[in-house]
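# Overview (structure and organization)
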Amino acid sequence: PLNLYATNDAIADVTSGDMSTALPFVARPAYLDGSMAGDAGFDPLGLAANPDRLKFMRKAELKHSRIAMLAAVGWPAAELVHNNMAHSLGLKSMLQAGERVPSILNGGLAHTMADYWPYMTAAL
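This section reports on the structure supplied with the text.

## Overview of helix α1 (residues 51–88)
For α1, spanning 38 residues, the distance from its first C-alpha to its last is 52 Å, which sits close to the expected 56 Å at 1.5 Å a residue. Valine 81 marks where α1 bends most, by close to 45°. Residue asparagine 50 occupies the N-cap position of α1, its side-chain oxygen lying 3.1 Å from the main-chain nitrogen of aspartate 52. Phi turns positive one or two residues past the end of α1, at glycine 90, with a value near 75°.

Structure representation (structure tokens):
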């Protein structure tokens, strides 16, 4: 098998036949024992080098996936309600041609409010 890990501690005993399901030519890391849902022994870069780091990475993945799911709903919802909301508040619509939300993809970020980018930069 390929040795893709920095130390031998993270590699299960190859002679036991415990190979990764995801990459059958690589030994399964010892801490990926199949106890978690979806565990196929896939960590070729050793990003979760120990059980504590694995738990942290799992929580981070869940948080990011939830944010992505909200964004998948929020983006089209913003396009649907923006014109009505802007009109009711007496503001100019920020949607671009074709009623699209300003984004890098449609060149609309250049047309956002003048105060937007300084506030976003300061927030970082």
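That shown, we press on.
## Digging into the pattern of salt bridges
According to the stated counting rule, one finds two salt bridges in the structure shown. For aspartate 18, the salt bridge is made with arginine 28, and the minimal N-O distance between the two is 3.2 Å. On the criterion of sequence distance, the pair formed by aspartate 18 in the segment before α1 and arginine 28 in the segment before α1 is long-range, its members being 10 residues apart. In this structure, aspartate 39 engages arginine 28 in a salt bridge whose closest nitrogen and oxygen atoms are separated by 3.6 Å. Here arginine 28 lies in the segment before α1 and aspartate 39 lies in the segment before α1, a separation of 11 residues in the sequence. Side by side, aspartate 39 and arginine 28 carry an identical accessibility label, which is buried. Salt bridges here are not isolated pairs; linked through shared partners, they connect Asp18, Arg28 and Asp39.

Calculation criteria
- Residues numbered from 1 in each chain as written.
- Predicted model: local features only at pLDDT ≥ 70, side-chain atom pairs only at ≥ 80, totals over all residues.
- Heavy atoms only, no water.
- Helix = DSSP H or I, 4+ residues; strand = E, 2+ residues; numbered from the N terminus.
- Expected span 1.5 Å × (residues − 1).
- Bend = angle between axes of the 7 residues up to and from the residue.
- Polar contact = N/O pair within 3.5 Å; in protein donor to acceptor, adjacent residues only side chain to side chain.
- Salt bridge = Lys/Arg side-chain N within 4 Å of Asp/Glu carboxyl O.
- Buried < 20%, exposed > 50% of the residue type's maximum accessible area, 1.4 Å probe, protein only.

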